[in-house]
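Okay, here's what each chain looks like letter by letter:
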Amino acid sequence: MAEKKEVLVKMAVVGPVGTNCYIVHREGNSSCVVVDPGANGDRIADMIREDGLTLEAILLTHGHFDHFEGVPELTSELGGKVYILEQERELIADPMMNGSRGLMGHSTALEPECTVRDGERLTLAGMEFRVIHTPGHTAGGCCYYLEEEGFLFAGDTIFMESIGRTDLATGNMKEILASIREKILVLPDDTRILPGHGPVTDVGYERANNPYA
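From a predicted model like this one, the values you see are computed outputs, not experimental measurements. (Residues numbered from 1 in each chain as written. Predicted model: local features only at pLDDT ≥ 70, side-chain atom pairs only at ≥ 80, totals over all residues. Heavy atoms only, no water.)

Quick word on the overall build of the protein chain
At step 1: Assigned secondary structure in the protein chain consists of six helices and 14 strands.
At step 2: Against the 2.2 N^0.38 benchmark of 17 Å for 213 residues, the protein chain shows a C-alpha radius of gyration of 16 Å, consistent with a compact globule.
At step 3: In terms of overall dimensions, the protein chain has a C-alpha envelope of 45 × 40 × 25 Å along the principal axes.
At step 4: Burial analysis of the protein chain (213 residues in total) assigns 52% to the buried set.
At step 5: Considering only residue pairs separated by 6 or more positions, the protein chain has 59% of its internal contacts joining residues 24 or more positions apart. (Helix = DSSP H or I, 4+ residues; strand = E, 2+ residues; numbered from the N terminus. Rg over C-alpha atoms; globule rule 2.2 N^0.38 Å. Buried < 20%, exposed > 50% of the residue type's maximum accessible area, 1.4 Å probe, protein only. Contact = heavy atoms within 4.5 Å.)

See below:
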């Protein structure tokens, strides 16, 4: 049996609030997946082209403006279907709920082509992402878990030694704590947490050091 190639992750920090956007592909596969292109779609497209890749899909962890505003520019250059949890469709389509109008003074919205469900497994660009619904930062927030490789794209649910805010539309403190304790910190200690903002961390470190654990 042929050895499975390594999954490579490249991060770009984009937009006015420093959102982590991830370009993910399996070594030897010419397709890639982008997680949370929050802005600077042209720069993300250039990074993909520089690596000789094509864009298969865009995965959104939730519907706040700073995680999707780069989508139109990126898809206009490279195509790619956009995925989001089905419970998040209302928020991403409403400029007040998604924060663009209230926080940035302009209105932006998106209607992703594809919706996903908790527990669904997506096979994209030669990788299998498991969808984990993690409500709390928003009602329809989710993580994308590459179980075999030990990568969790966590959006704004958990950060190094912190958690996402819950005072925006559909946020809920009780739900985010349950999501972290029951869905994230139960994963293997060496699972790399790739958050929506700030440094990369891992499950073992957060279980020991995150005050909300």
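What about the environment of I92?
At step 1: On the secondary structure map, I92 appears in helix 3 (residues 89–92).
At step 2: Classification of I92 as buried rests on a relative accessible area of 0%.
At step 3: Along the chain, I92 and V35 lie 57 residues apart, while their C-alpha atoms are 15 Å from each other.
At step 4: Leave out the neighbours within four places in its chain, and I92 touches L60, G63, F68, I84, N98, A109, L110 and P112.

Brief notes about the pattern of salt bridges
When the charged atoms of two side chains with opposite charge come close together, those side chains can pair.
At step 1: For the coordinates displayed, the defined rule picks out ten salt bridges.
At step 2: For R117, the salt bridge is made with E120, and the minimal N-O distance between the two is 3.7 Å.
At step 3: Residue classification places R117 among the partly exposed positions, given a relative accessible area of 48%.
At step 4: Three or more residues joined by partner-sharing salt bridges are found here, namely R121, E128, R130 and E147. (Salt bridge = Lys/Arg side-chain N within 4 Å of Asp/Glu carboxyl O.)

Here's the deal with the pairing of strand 10 (residues 151–155)
At step 1: With five of five residues buried, strand 10 lies mostly within the body of the structure.
At step 2: On strand 10, burial covers both faces: F151, F153 and G155 on one face and L152 and A154 on the other are all buried.
At step 3: Where strand 9 (residues 142–146) lies against strand 10, three bridges are found, and the strand directions are antiparallel. Residue pairing across strands places Y144 opposite F153, the latter belonging to strand 10.
At step 4: The loop that links strand 9 with its antiparallel partner strand 10 comprises four residues; one of these, G150, has a positive phi angle of about 75°. (Pairing = 2+ DSSP bridges.)

Examining helix 5 (residues 173–184)
At step 1: In this model helix 5 runs 16 Å from its N-terminal to its C-terminal C-alpha over twelve residues, within 8% of the 16 Å that 1.5 Å per residue would give.
At step 2: I176, L177, S179, I180 and I184 are the residues of helix 5 that are buried. Burial along helix 5 is one-sided: seen end-on, the buried residues are contained in an arc of 155°. For helix 5, the exposed residues lying more than 90 degrees away from the buried face are K174 and E182. (Expected span 1.5 Å × (residues − 1). Arc of directions from axis to C-beta.)

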